[in-house]
Amino acid sequence: MRKITCIICPRGCTLEIEEAQGNEGYIVTGQMCKRGREFAINELTNPTRTITTTVKTIYPEIPRLPVKTSGEVPLGKIFEVMKVIDKAVVTHMVKSGEVIVKNVLDLDVDIVAASDMYIMMGV
Amino acid sequence: MSEIKTYDVIVLGAGPAGLAAGYAAKQAGADVLIVEREDRAGGILKQCIHDGFGIIRFKQKLTGPEYAERYIKMVNELSIPMLMSTFVLGIQKNNELFELQLVNKKNGVFALRARALVLANGCRERTSKQVFIHGSRPAGIYTAGTAQYFVNIMGMLPCKECVILGSGDIGLIMARRLTLEGSKVLGVYEAKSTPSGLARNIVQCLEDYNIPLYLSHTITRIIGSGRVEAVEISKVDESMKPISGTEQVVKCDGVILSVGLVPENEIAESLDIKLDPNTKGPLVDQNFMTTMEGVFSCGNALHVNDLVDYVSESGELAGLQASRYARNSHNRNLIEIKSNNRDFLYVVPQYIDTSSDNKSAVIYYRSRDVKQNVKVIIRCGYNIVYQNKHSVIRPPEMEKAELDLSNISINQDCKLEIIMTEG
Amino acid sequence: MSKQLKKIEAELRKNISNSIECREWRNSIVLEGKVESWDTVTAAGKKAANRGYKGVVNKLTVKGLEIPQINSPSFTDTTLQGKKVDVLVIGGGIIGCSIARELSKWDISVLLVEKEEDLAMHASSRNDGMIHPGIEPKPGSKKAYFNIKGNEMYTKIAQELDVPMRRSGSLVVYDSYWVKFIYPYLKIRGNKNGIKDFRLLSRAEAKAREQWISDSVSGGILFNTTAVLSPYKLTIAYAENAMMNGAEISLNTIVLGMKKHKNDITSVLTNRGEIFPRIVINAAGVYSDKIAEMAEDNFFTIHPRKGQVLLLDKKKGSMLTSVIGKLSITNVKGTTKGGGIVRTIEDNILVGPDSYEQPYREDYSTSRENIENLMKKHFEILPILKPSDVITYFAGIRAATYEEDFIIEASEYVPNLIHAAGIQSPGLASAPAIAEEIERLTCKVLSQYKQINKKQSWNPIRKGIPELHKMTPEERNKYIKQRPDYGVIVCRCEEISKGEIIDAIKSPIPCVTIDGIKRRVRAGLGRCQGGFCLPNVVKLIQNEAGIKAIEITKKGNASNLLTGETKTDSIAKEVKK
């Protein structure tokens, strides 16, 4: 049995997870909503996270643009993904959601803008 | 002399609270102006590039800028005027009207009038001096928010190898942020015996990156002449006093402080509005009106919230009520809500206005300690109006009780009371 | 060995440490040997002082105690190589800068060197900003003379240099009846020193003047001439006025040695080259004995006496009018400083300083114990003060000699050296008078070398950076119309505009450090301690002075604020789970 803090929402439920006998899969307890079960199983088998960071831009008023991964990436891949993001440079004005790096490391996840440069510039 | 313009509602601050307040007031039909001292709307969210915002409001995990931009767009769609880079110098109340003295680049010093005011100026961080850290004064000591601005907005690193004092959420988030950008975070030191930040941030910001959290530890001395060279760490006892003999020196080039936030209430104080010593924000009723008629408070200026969703919620309510007040004020009858400092860090609002036609009240509360299996009850005499069982209740997490007051008669002899019991 | 020397040595050995040896050098007494603690060093020095010798040269060392090297600029160059000047002033504190300004009246070349990145980095920015009335110094001392004279001069000086000053008066309160019996003694002393306006206040009168003082106060003595101002603004103002009138200032310049011919100093060696001055003025603060030693004229020793100070939020500032002190047996004697509660010129409340001996000349660290004691001691007098009002605290170090008096004189042995040394409290109050005296001495010596005349063009008026938050709306609008940047507030706690910060960056002595800007315009000195405005100040320095963010420092000398850029050198690490 393992104890896990759920990070889906700020409530931070303490979940207990153990492998069930037979083909039941896992027994998860302690969650206050149904999302807890999925989280606990993922956390045990393939923990994933969204990365939020910034990329360089060519605009002196906005030296860095907030970006995020469009979906979750394996926890163990975070620094590899960061290496790719660190090399990227935004060379034109983008809006929230625009793709900055497509299919990063073939993880089926894009790096997308998480802020609107037009709003940032006050346009 | 040009005529002084009068608005129904002036909102001070264009962060998540102020934007929501302006939006709600405008929707309710008021003539609204939002005043912001910075050059961009969004408040502190501009630099909070991590996600997790909007889970309640938008049922989505948004980044801070994304969340702010949604509200900025809403405010723009209603064509609510915003005065940017404009600073309030002083406010006076004359004959039911507020006269504001402001300054900006274009107008110089100028005046505006409002029938109602919404204070949405947010909070600020406690500093190293306020937690009485001693030693020398080298460069490299920053509050987590300042470090966050350097990293996220300017793209600059404040240190290569740092320690973090305090386990507040911004500190935890900066631990992850600095690590992702290649700085080393040697540890997070918290004087209390339980973390100040949310449990999920302990997991996703510290545990994911193997950053150690040392509870009941504090920095007792800073060493260094130019830059920080090291810190002296000590264990602390239950009353958070350093235990001599436990000192150890940790080499580092930076100290990030995440030792708490304090509502910014210089304007409220200048108006002689009474503040709650527990929240450090104004005392308010269920409509978020302060002790001064016509002045409303919301967001982190009222009390430091754990979630931006609640900040917007309080902003909306304050904005709506401010617009109602501007049209049509009534004589308030304020009855205090009884609570105790033993169980609760604070309870907001602190009053119920029984003559208000708003009969629904949202009561926010925080537990003083981490407790398991407790019941929080709100009652009026023998009449229990709310109860909630908490399998665990922690100070970092704000709790919320929605009450319907329409069938309860609250008066001086029968006040609302919030209590915490076992079971 | 003279009889007196023998007597002192015997006394020191018997009462303090038997490893002390005494000898005479010129007309001073020299103490030598290795002792157990720093307290022993200072106790011996004090015991030997004022016993018929001109000065105490205390060469006692402490076993195992390492005194750090002087903080020095990290570079060398040849900017000043071969430079010839009439007067070289060593030290850019209030004393050096006020001397440079007074000398700038004359048709002579003046160069001031300061080892730090900015002026007023030591005692001149680390004190309570009080212009003392002159009751503490012993009648007949240099301290008494210059304090009273300096205090009087301030009305004119502050006006000429555009430095805000308030004659707040000071109220020395007491809580026991015996003080009434001491008052006649204080009155005699005050009259001897020449203090003009002071009197005893009853309990009711004291309360009427200061309604928030503790009920335990049973009366006080009011000194009307006491004033407050910003000591670092004053220092910078003096320096700017000196520069306007032709004096030169070289920062980041440390004196490393001197060359002499017979008794005269022929050249002064610095990290920026060898300077050839006609006259050298020693205004080097806590290092004034070391400068004297370079000239082989070290007849005194500085023992650094530290004090810690609390600064409180402006919210409580309006609750005080006067500087408040408390009378105790120790400060009646007049040698120790009790510290007090000061409403600063900026309306913060300042509490302290305390006072204690320690061996380090530049260690400005603060300690929990001292800060807690300050709160305990002073909050009692003004019970509205609370620990939560504290926004910052700092330490200063007094350049005390064992004689505990100023040294303001032409050297007896080095004809072209003049000392303005051992200046501690009330040094700020005395500065204008000290500067005039040094000016007189310098002219006297210099006139032996050349004929000197007053400059026709000398202008005593200097304009400071406008303080917009103190102006009327109409005045403020005039400024904003001229320069819209005065309408953009950058430091919200102190209400300081972008225009004022740019003025500081581009001031006559350009200021590109965070602490320097704080000293000049107070940006970052308020309750948030720069949390909000620091990044904006960094951007302004970057844009206005063309310095890269990465190179901007807090206070010069390797105190860089930032260590690098993101996205350039991130070191990827494996996540283990």
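The coordinates are above.
Residues numbered from 1 in each chain as written. Chains lettered and ligands numbered in written order. Predicted model: local features only at pLDDT ≥ 70, side-chain atom pairs only at ≥ 80, totals over all residues. Heavy atoms only, no water.

With that settled, the discussion passes to the sheet that holds strand S29 (residues 416-422) of chain B. Residues and elements named next belong to chain B. One open sheet accounts for three strands, arranged S27-S26-S29; its pairing is antiparallel. What marks the edges here is a single partner per strand, and that holds for strand S27 (383-393) and S29. In this sheet, adjacent strand axes meet at a mean angle of 20 degrees when their direction is disregarded. Sheet topology places strand S26 (residues 371-380) next to S27; nine bridges connect them, and they run antiparallel. Following the sheet pairing, Gln372 is matched in S27 by Val392. (Pairing = 2+ DSSP bridges. Helix = DSSP H or I, 4+ residues; strand = E, 2+ residues; numbered from the N terminus. Axes fitted to C-alpha atoms, helices over the stretch in contact; angles between N-to-C directions.)

Counting residues in hydrophobic clusters, the biggest one holds 74 residues, and the most contacted among them are Met117(A), Leu178(B), Ile501(C), Ile517(C), Val538(C) and Leu561(C). Membership of the second largest hydrophobic core comes to 51 residues, among which are Cys97(C), Ile99(C), Leu161(C) and Leu251(C). (Core = buried A, V, L, I, M, F, W, Y, C linked by side-chain atoms within 4.5 Å. Buried < 20%, exposed > 50% of the residue type's maximum accessible area, 1.4 Å probe, protein only.)

Residue and element names in this part refer to chain B. Most of strand S25 (residues 360-367) is tucked away, with six of its eight residues classed as buried. Note that strand S23 (residues 344-348) and S25 share four bridges and pair antiparallel. From the neighbouring strand, Val347 faces S25, where its bridge partner is Tyr365. Inspection of the sheet shows S25 paired to strand S28 (residues 399-404) by six bridges, in the antiparallel sense.

In this section: the packing of aromatic side chains. Scanning the model with the defined rule gives 13 aromatic pairs over all chains in all. Between Phe79(A) and Tyr209(B) the ring centres are 6.0 Å apart and the planes differ by 90 degrees, which places this aromatic pair in the edge-to-face class. Linking Phe79(A) in helix H2 (residues 78-87) with Tyr209(B) in the loop between helix H5 (199-206) and strand S15 (213-215), this pair reaches from one chain into another. One exposure class covers both Phe79(A) and Tyr209(B), and it is buried. The interplanar angle of 65 degrees and the centroid separation of 6.0 Å between the aromatic rings of Tyr310(B) and Tyr364(B) together place this pair among those described as edge-to-face. Note that Tyr310(B) is positioned in helix H7 (residues 308-327) and Tyr364(B) in strand S25, a separation of 54 residues in sequence. For Tyr310(B), a relative accessible area of 12% corresponds to the buried category. Note on Tyr364(B): relative accessible area 2%, which makes it buried. Directly above the aromatic system of Tyr118(A) lies the positively charged group of Lys95(A), at a separation of 5.6 Å from the ring centroid. (Phe/Tyr/Trp six-rings, centres within 6.5 Å; stacked < 30°, edge-to-face > 60°. Lys NZ or Arg CZ within 6 Å of the ring centre and 35° of its normal.)

Taken as a whole and judged by the stated rule, the model has 85 salt bridges over all chains. With its nearest N and O atoms 2.6 Å apart, the salt bridge here joins Glu316(B) to Arg57(B). With a gap of 259 residues between them, Glu316(B) in helix H7 and Arg57(B) in the loop between strand S3 (51-53) and strand S4 (62-63) connect regions that are remote in the sequence. For Glu439(C), the salt bridge is made with Lys105(C), and the minimal N-O distance between the two is 3.2 Å. Of this pair, Glu439(C) sits in helix H11 (residues 427-446) while Lys105(C) sits in the loop between helix H3 (94-103) and strand S7 (110-113), placing them 334 residues apart in sequence. The same class applies to Glu439(C) as to Lys105(C), namely buried. A single network of salt bridges, built from pairs that share partners, joins Arg37(B), Glu38(B), Lys46(B), Arg124(B), Glu264(B), Glu266(B), Glu269(B), Asp313(C), Lys315(C), Arg492(C) and Arg527(C). (Salt bridge = Lys/Arg side-chain N within 4 Å of Asp/Glu carboxyl O.)

Turning our eyes to something else, we now look at the packing of H3(C) against helix H7 (residues 231-244) of chain C. Residues and elements named next belong to chain C. Orientation of H3 relative to H7, taken along the N-to-C sense of each, is 30 degrees, at an axis distance of 8 Å. Relative to H7, the element H3 is oriented roughly parallel. Crossing of H3 against H7: the hand is left-handed. Within the contact between the two elements, H3 uses Ile94, Cys97, Ser98, Ala100, Arg101 and Glu102 and H7 uses Leu234, Thr235, Tyr238, Ala239, Asn241 and Ala242. Along the lines of polarity and charge, the residues of the contact of H3 with H7 split into seven nonpolar, three polar and two charged. (Parallel < 35°, antiparallel > 145°, perpendicular 65-115°, else oblique. Left-handed = near helix turned anticlockwise from the far one by under 90°. Contact = heavy atoms within 4.5 Å. Nonpolar A, V, L, I, M, F, W, Y, C, P; charged D, E, K, R; others polar.)

Moving on, we come to the state of the cysteines. Under the definition given, this model contains zero disulfides over all chains. Cys205(B) takes part in no disulfide bond, and the closest cysteine sulfur, belonging to Cys48(B), lies 12 Å away. Note on Cys205(B): relative accessible area 0%, which makes it buried. Not engaged in a disulfide, the cysteine Cys97(C) finds its nearest cysteine sulfur in Cys511(C); these two sulfurs lie 14 Å apart. (Disulfide = S-S within 2.5 Å.)

Further remarks concern H5(B). Counting buried positions along H5(B) yields eight of eight residues, so the element is predominantly enclosed. Buried residues of H5(B): Ala199(B), Arg200(B), Asn201(B), Ile202(B), Val203(B), Gln204(B), Cys205(B) and Leu206(B), and no others. Its buried side turned inward, H5(B) meets strand S1 (2-5) and strand S4 (48-49) of chain A together with S3, helix H4 (169-180), strand S14 (184-190) and S15 of chain B.

A separate point is the side chain of Glu397(B). Relative to the assigned elements, Glu397(B) resides in the loop between S27 and S28. A relative accessible area of 7% places Glu397(B) in the buried class. If we ignore the near neighbours within four places in the chain, the residues touching Glu397(B) are Pro10(A), Arg11(A), Leu198(B), Ala199(B), Asp306(B), Tyr365(B) and Arg366(B).

All names here are of chain C. Spatial strand order, S1-S2-S4: three strands in an open sheet with mixed pairing. Only two strands of the sheet have a single partner each, and these edge strands are strand S1 (21-25) and strand S4 (56-58). Looking at each pair of strands side by side, their axes are set apart by 25 degrees on average, direction ignored. One ladder, built from three bridges, connects strand S2 (residues 28-32) with S4; its direction is parallel. Residue pairing in the sheet places Val30 in a bridge with Val57 of S4. Here helix H1 (residues 3-15) sits on the sheet in contact with S1 and S2, set at roughly 150 degrees to S1.

On the surface, a cluster of positive charge is made up of Lys34(A), Arg35(A), Lys59(B) and Lys61(B). Checked against the element boundaries, Lys59(B) lands in the loop between S3 and S4. (Patch = residues over 30% accessible without salt bridge, like charges linked within 9 Å, V, L, I, M, F, W, Y side chains within 5 Å. Areas by Shrake-Rupley, 256 points an atom, 1.4 Å probe, with all protein chains shown as cover. Lys, Arg positive; Asp, Glu negative; His and termini not counted. Charge placed at Lys NZ, Arg CZ, Asp CG, Glu CD.)

Next up on the list: the packing of helix H3 (residues 144-154) of chain B against H4(B). All names here are of chain B. Two elements in contact, H3 and H4, have axes separated by 9 Å at closest approach and are oriented at 35 degrees. Note on packing geometry: the crossing formed by H3 with H4 is left-handed. Along the contact surface, H3 presents Ala144, Gly145, Ala147, Gln148, Val151 and Asn152, while H4 presents Ile170, Gly171, Ile173, Met174, Arg177 and Leu178. The residue makeup of the contact of H3 with H4, split by class, is seven nonpolar, four polar and one charged.

Of the residues lining the interface, 56 residues belong to chain C; the matching set on chain B comes to 53 residues. Taken together, the two surfaces of chain C and chain B that pack against each other cover about 4,800 Å², and 56% of this comes from carbon and sulfur. Contact with chain B buries area across many residues of chain C, yet Tyr393(C), Arg492(C) and Thr563(C) alone supply 14% of it, more than any other trio. Across the pair Lys567(C) and Glu181(B) runs a salt bridge whose closest N-O atoms are separated by 2.8 Å. Scanning the region where chain C abuts chain B turns up 25 residue pairs in polar contact (both at pLDDT 80 or more). (Buried area = accessible area lost by both parts, 1.4 Å probe. Polar contact = N/O pair within 3.5 Å; in protein donor to acceptor, adjacent residues only side chain to side chain.)

For the rest of this paragraph, the subject is H2(A). Turning to H2(A), its buried residues are Ile78(A), Phe79(A), Val81(A), Met82(A), Ile85(A) and Asp86(A). All buried residues of H2(A) project into a common sector of 150 degrees when viewed along the axis, lining one side. In this fold, the buried residues of H2(A) make contact with S4, strand S5 (52-57), strand S6 (64-69), strand S7 (73-74) and strand S10 (111-113) of chain A together with H4 of chain B. (Arc of directions from axis to C-beta.)

A separate point is unusual backbone geometry. Residue and element names in this part refer to chain C. With an omega dihedral of -5 degrees, the bond running from Gly352 to Pro353 counts as a cis peptide bond. With respect to the helices and strands, Pro353 occurs in the loop between strand S21 (349-352) and strand S22 (356-357). A cis geometry characterises the amide bond from Ser425 onward to Pro426, with omega recorded as 5 degrees. Note that Pro426 resides in the loop between strand S25 (417-421) and H11. Even without being a glycine, Asn557 presents a positive backbone phi close to 40 degrees. When its relative accessible area of 30% is taken as the criterion, Asn557 is described as partly exposed.

Turning our eyes to something else, we now look at the side chain of Asp128(C). Residue position: Asp128(C) is located in the loop between S7 and strand S8 (130-131). Among the polar contacts listed, one links the side chain of Asp128(C) to the backbone nitrogen of Met130(C), at a separation of 3.2 Å.

Time to look at the environment of Val304(B). Residue and element names in this part refer to chain B. Along the chain, Val304 falls in the loop between strand S21 (295-297) and H7. C-alpha separation for the pair Val304 and Val262, spaced 42 residues apart in sequence, amounts to 7.1 Å. Residues in contact with Val304, not counting those within four places in the same chain, are Cys123, Leu261, Val262, Pro263, Tyr346 and Arg366.

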